[in-house]
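Listed below, chain by chain, are the residues.
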There are 4 protein chains.
Amino acid sequence: MFVVVNLKSYACDPVEIASAAADVADDVDARIAVAPQTAHIERVASTGVETWAQHVDSIEHGSHTGQSLAESVADAGAVGTLLNHSERRLKLADIDGGIHAAKRAGLETVVCANNPAQIGAVTALSPEMVAVEPPELIGTGTPVSHADPDIVSEAVRTANGVDESVPVLCGAGISTGDDVDAAVELGSEGVLLASGVAKVDDPRAVLTDLVTNE
Amino acid sequence: MFVVVNLKSYACDPVEIASAAADVADDVDARIAVAPQTAHIERVASTGVETWAQHVDSIEHGSHTGQSLAESVADAGAVGTLLNHSERRLKLADIDGGIHAAKRAGLETVVCANNPAQIGAVTALSPEMVAVEPPELIGTGTPVSHADPDIVSEAVRTANGVDESVPVLCGAGISTGDDVDAAVELGSEGVLLASGVAKVDDPRAVLTDLVTNE
Amino acid sequence: MFVVVNLKSYACDPVEIASAAADVADDVDARIAVAPQTAHIERVASTGVETWAQHVDSIEHGSHTGQSLAESVADAGAVGTLLNHSERRLKLADIDGGIHAAKRAGLETVVCANNPAQIGAVTALSPEMVAVEPPELIGTGTPVSHADPDIVSEAVRTANGVDESVPVLCGAGISTGDDVDAAVELGSEGVLLASGVAKVDDPRAVLTDLVTNE
Amino acid sequence: MFVVVNLKSYACDPVEIASAAADVADDVDARIAVAPQTAHIERVASTGVETWAQHVDSIEHGSHTGQSLAESVADAGAVGTLLNHSERRLKLADIDGGIHAAKRAGLETVVCANNPAQIGAVTALSPEMVAVEPPELIGTGTPVSHADPDIVSEAVRTANGVDESVPVLCGAGISTGDDVDAAVELGSEGVLLASGVAKVDDPRAVLTDLVTNE
């Protein structure tokens, strides 16, 4: 079970959430990563939590301004990166290029997609993991595993049809351990969360519930 | 064997090339389509040639300005559309949406991609056909089937691994019947051409050579 | 007074609206242009109405697939083009390049922008006209000239401060002659309309009201 | 005189260059800023050098993944940001939105543009500074102040015509104090550099030459 907490550009304290996540991960021996703003990667990584970028660009060292180089985020402490989140949809060629950039820099990748067909597509590009997130459920508090269970199980089926070695995560509306359990039953090997952790009063309690209930 | 002649935004006479293609297709019973500028679809279709769009947007009827609706190009006479050409790379979600838009309007699709991994990805989206075109060979006059035969055969293999019902075309540098033969031997079921037909003095002769030599 | 009817990608009959616009323009000696889907430019132009494109790309003749060349839309009968509509926002460099492409092909330009500061910016690029359209009012039926009159008068003031020779149009929610009158009183020299003409039962009656009431 | 050193995504040591820039700025009482990768802002700022971002997005706190929030880069230590560099061209509306985001977070802005007309456009958006950089000279080692002096003086004239309170910087090919002097004589109040500092053996010597020669 892999839990990725996407801090987006929320008005939260990334270090406080990262510390809570690091503690919970230690306590219950779960894998929890936090994906902060790129400018906050260094301070988040210094908490000891597994730190991910929200995006890297399909570039190498060179003349590229205002883009995020995989080596730079790795250097700052990230060990993985999301790609193609529904709030940062990428050109197909740049998903492919971003996966290569991440591999070059030693970063794992979770490539997001909206539906099972697109999950099949991104699985064909050989990322470490893929994640299905129906955009219409993001931020709703209605977990994808209840609102649209078929989309999760069909995404798992489609991904396996292309490459069985690529695990499928799911996201959108996940906020409790029950949601996580439901996701796991549908074949998901992890979840993406955001507001359910980043915008609550006690992220530690939420994270503990998430990873111990399973 | 399916030949798509992409007129790009070349300074050519689209009607002259379309008429030549219509004649050659009749004479030798080959399938040849011409993909002109969107504004020229109507006049190209009026020659009787099979007419394709170079692109349609992932939209429905509604409030969308400056985008090309699949129904509009179908209305003007197109029966298919290219998508994700390397000169018009799309977001993954928009390739998926463009394929759906095209199906809704009764248009066939050829989805282009740069390399075998991306060919696998777009095949997972269930277009009618896919086309591998290494960007570095486009416009060179060096046919992909000679310069990089492995990319074609690997693209065919990858596409078949995802969905065997989707034929693979290839493009870049194709200009003679020998190039077409080589492409067919590698498993390609068609070719994309552009400058090799659009920028020559006698497009009819080139097209005849292309489709009779096989 | 210049009236531009943007047909967007509405499910309307472009030729019927174009014919109505051509008739009204003749009857009352008003300037009315219709901006259809690019694939419909040829048939709209054949009605005799002043025909505009909704967009052209910042390209020249050459290897560009799936983009709209200014010369092609001119060839099909367009005499002008919108640029940077809020539903097709462009990079600054591409607004500049689009204006140059349009001039090269003999097309007039109306460059849209969301607010007075952006109107100042696009006026500095020397298009034929600019148009202020607050995105939040588009399609509402609440005319910008009533809902936010200051935005129109301030846009006029800002544009004049940069280059007094560039007329300012306005758009969003315009549907009656009274709306047009209000816009003119605020310094606007024309209006952009869309649903107010394209989605009504009797476009001829609406257009007549629009241009005779002033 | 304001010198901005853009580290792009070069394979350089950002802390080493930042330390050199901090020392030179202290020694000669010059204003020198360093713009590293976003993930490196925190470590660069910790050297005491004036630290700038290469880009911020036109967003507020909220649900935005993979975009750079102005408050986050400010938080990490940046006091300004480039916008619309020719390697990261933005939509006009996003330049406007990026300037607003930067002001909200207390960041200064230098908005880049390719030519005098675009400089006039971005000046109308009221950034702190603008910078003209002809893309064809970037990275050439041929300084814009020698290769195309008219573009600099015309940019200054155009910017002043729109808003005299906005200083004009210039960039592309600048690497010596003589280049800087020439830029100043043309009306420029600062320079943007990149490879001339980031890819040399002794950045301290280059920076000293740049700011003491004037």
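Fair warning: this is a prediction, and the values are worked out from it, not measured in the lab. (Residues numbered from 1 in each chain as written. Chains lettered and ligands numbered in written order. Predicted model: local features only at pLDDT ≥ 70, side-chain atom pairs only at ≥ 80, totals over all residues. Heavy atoms only, no water.)

(A) A look at the sheet that holds strand 3 (residues 50-53) of chain A. All names here are of chain A. Sheet architecture is closed into a barrel: 8 strands sit in the order 1-2-3-4-5-6-7-8, paired in parallel fashion. Each strand of the sheet is rotated relative to its neighbour by a mean of 25 degrees, with strand direction disregarded. Pairing between strand 3 and strand 4 (residues 80-83): 2 bridges, direction parallel. Counted as the bridge partner of Trp52 is Gly80 from strand 4. Relative to strand 2 (residues 31-35), helix 1 (residues 14-28) is tilted by about 170 degrees, and along the sheet it contacts strand 1 (2-6) and strand 2. (Pairing = 2+ DSSP bridges. Helix = DSSP H or I, 4+ residues; strand = E, 2+ residues; numbered from the N terminus. Axes fitted to C-alpha atoms, helices over the stretch in contact; angles between N-to-C directions. Contact = heavy atoms within 4.5 Å.)

(B) Focus on the relation of the copies chain C and chain D. For these two chains of identical sequence, chain C goes onto chain D by a turn of 180 degrees and a shift of 0.0 Å along the axis, with RMSD 0.0 Å. Here the transformation between the copies is reduced to the relation of a two-fold axis. The overlap is high: 100% of the interface residues of chain C also sit at the interface in chain D, so the same surface is used on both sides. (Least-squares fit on C-alpha atoms with pLDDT ≥ 70 in both.)

(C) Looking closely at the arrangement of the chains. As for chain C relative to chain A, no contact occurs, and the smallest C-alpha gap between them is 15 Å. Of all C-alpha pairs spanning chain B and chain D, none lies closer than 15 Å, and the two are not in contact.

(D) Looking closely at the relation of the copies chain D and chain A. Superposition record for chain D on chain A: RMSD 0.0 Å, screw rotation 180 degrees, translation along axis 0.0 Å. Of the interface residues in chain D, 100% have counterparts in chain A that sit at the interface too, so the contact is made through matching surfaces.

(E) Highlighting the UniProt feature "active site" (unreviewed entry) in chain A. The positions UniProt marks with the feature "active site" (unreviewed entry) are His85(A) and Glu133(A). Separation in sequence by 49 residues is not matched in space for these annotated residues, since their most distant C-alpha atoms are only 8.4 Å apart. Note on placement: His85(A) falls in the loop between strand 4 and helix 4 (92-104). Discounting chain neighbours no more than four positions away, the residues touching His85(A) are Asn6(A), Lys8(A), Cys112(A), Glu133(A), Ile138(A) and Thr65(D). Relative to the assigned elements, Glu133(A) resides in the loop between strand 6 (129-132) and helix 6 (144-147). Residue Glu133(A) is classed as buried on the basis of its relative accessible area, which comes to 6%. When residues no more than four places from it in sequence are discounted, the contact partners of Glu133(A) are His85(A), Ala113(A), Asn114(A), Ile138(A), Gly171(A), Ala172(A) and Leu192(A). Reaching out from Glu133(A), the side chain makes a polar contact with the side chain of His85(A) at a distance of 3.1 Å. (UniProt positions renumbered as here; feature names shortened; annotations may be inferred. Buried < 20%, exposed > 50% of the residue type's maximum accessible area, 1.4 Å probe, protein only. Polar contact = N/O pair within 3.5 Å; in protein donor to acceptor, adjacent residues only side chain to side chain.)

(F) Fine view of the packing of aromatic side chains. All chains considered together, the criterion is met by 4 aromatic pairs over all chains. Between the aromatic rings of Phe2(B) and Trp52(B), the centroid separation amounts to 5.5 Å while the plane-to-plane angle is 50 degrees, which identifies the pairing as tilted. Of this pair, Phe2(B) sits in strand 1 (residues 2-6) while Trp52(B) sits in strand 3 (residues 50-53), placing them 50 residues apart in sequence. Residues Phe2(B) and Trp52(B) agree in their burial class; the two are buried. Taking NZ or CZ as reference, Arg31(D) lies 3.8 Å from the ring centre of Phe2(D), over its face. (Phe/Tyr/Trp six-rings, centres within 6.5 Å; stacked < 30°, edge-to-face > 60°. Lys NZ or Arg CZ within 6 Å of the ring centre and 35° of its normal.)

(G) Highlighting the packing of helix 4 of chain A against helix 5 (residues 116-123) of chain B. Close contact between helix 4 of chain A and helix 5 of chain B brings their axes to 10 Å; oriented N to C, the two are set at 130 degrees. Judged on the interaxial angle alone, helix 5 of chain B and helix 4 of chain A are oblique. Regarding helix 4 of chain A and helix 5 of chain B, the two cross each other, and that crossing is right-handed. Contacts from Leu92(A), Ala93(A) and Asp96(A) in helix 4 of chain A reach Gln118(B), Ala121(B) and Val122(B) in helix 5 of chain B. Here the contact of helix 4 of chain A with helix 5 of chain B is built from residues that sort into 4 nonpolar, 1 polar and 1 charged. (Parallel < 35°, antiparallel > 145°, perpendicular 65-115°, else oblique. Left-handed = near helix turned anticlockwise from the far one by under 90°. Nonpolar A, V, L, I, M, F, W, Y, C, P; charged D, E, K, R; others polar.)

(H) Looking closely at the interface of chain C and chain D. Taken together, the contacts link 18 residues of chain C with 18 residues of chain D. In total, chain C and chain D occlude about 1,400 Å² of area from one another, counting both sides; carbon and sulfur atoms represent 67% of this. Put simply, chain C and chain D have 0 salt bridges between them. Connecting chain C to chain D are 6 residue pairs in polar contact (both at pLDDT 80 or more). (Buried area = accessible area lost by both parts, 1.4 Å probe. Salt bridge = Lys/Arg side-chain N within 4 Å of Asp/Glu carboxyl O.)

(I) Layout of the UniProt feature "binding site: substrate" (unreviewed entry) in chain A. Residues and elements named next belong to chain A. In this structure's numbering, the residues bearing the UniProt feature "binding site: substrate" (unreviewed entry) are Asn6, Leu7, Lys8, Ile138, Gly173, Ala194 and Ser195. With respect to the helices and strands, the residue Asn6 is situated in strand 1. Mapping Ala194 onto the fold places it in the loop between strand 8 (190-193) and helix 9 (195-198). Given a relative accessible area of 11%, Ala194 falls into the buried group.

(J) The arrangement of the environment of Glu136(B) in detail. By the element assignment, Glu136(B) lies in the loop between strand 6 (129-132) and helix 6 (144-147). Here Glu136(B) falls in the exposed class, since its relative accessible area comes to 55%.

(K) Here's a closer look at the interface of chain D and chain A. Across the boundary between the two partners, chain D contributes 31 residues, which contact 31 residues of chain A. Buried surface at the junction of chain D and chain A, both sides included, amounts to about 2,700 Å², of which 42% is carbon and sulfur. The largest contributions to the chain D side of the interface with chain A come from Ser9(D), Ala39(D) and Thr65(D), which together make up 23% of the buried area. Counting the contacts that link chain D with chain A gives 4 salt bridges. Among the ionic pairs, Arg43(D) bridges to Glu42(A), the shortest N-O distance being 3.2 Å. Across the chain D-chain A interface, the total number found is 34 residue pairs in polar contact (both at pLDDT 80 or more).

(L) Up close: unusual backbone geometry. All names here are of chain A. For Asp29, which is not glycine, the phi dihedral falls at a positive 55 degrees. Along the chain, Asp29 falls in the loop between helix 1 and strand 2. Accessibility expressed as a relative area gives 72% for Asp29, which makes it exposed.

(M) How the structure looks around the side chain of Gln118(B). By the secondary structure assignment, Gln118(B) is in helix 5. Polar contacts involving the side chain of Gln118(B) include one to the side chain of Asp96(A), which spans 2.6 Å. Sequence-distant contacts of Gln118(B), that is, excluding residues within four places in its chain, are made with Leu92(A), Ala93(A), Asp96(A), Leu125(A) and Ala113(B).

(N) Quick look at the pattern of salt bridges. All names here are of chain B. The final tally for this structure, using the stated rule, is 30 salt bridges over all chains. Here Arg104 and Glu71 are joined by a salt bridge, their closest N and O atoms 2.8 Å apart. Note that Arg104 is positioned in helix 4 (residues 92-104) and Glu71 in helix 3 (residues 70-75), a separation of 33 residues in sequence.

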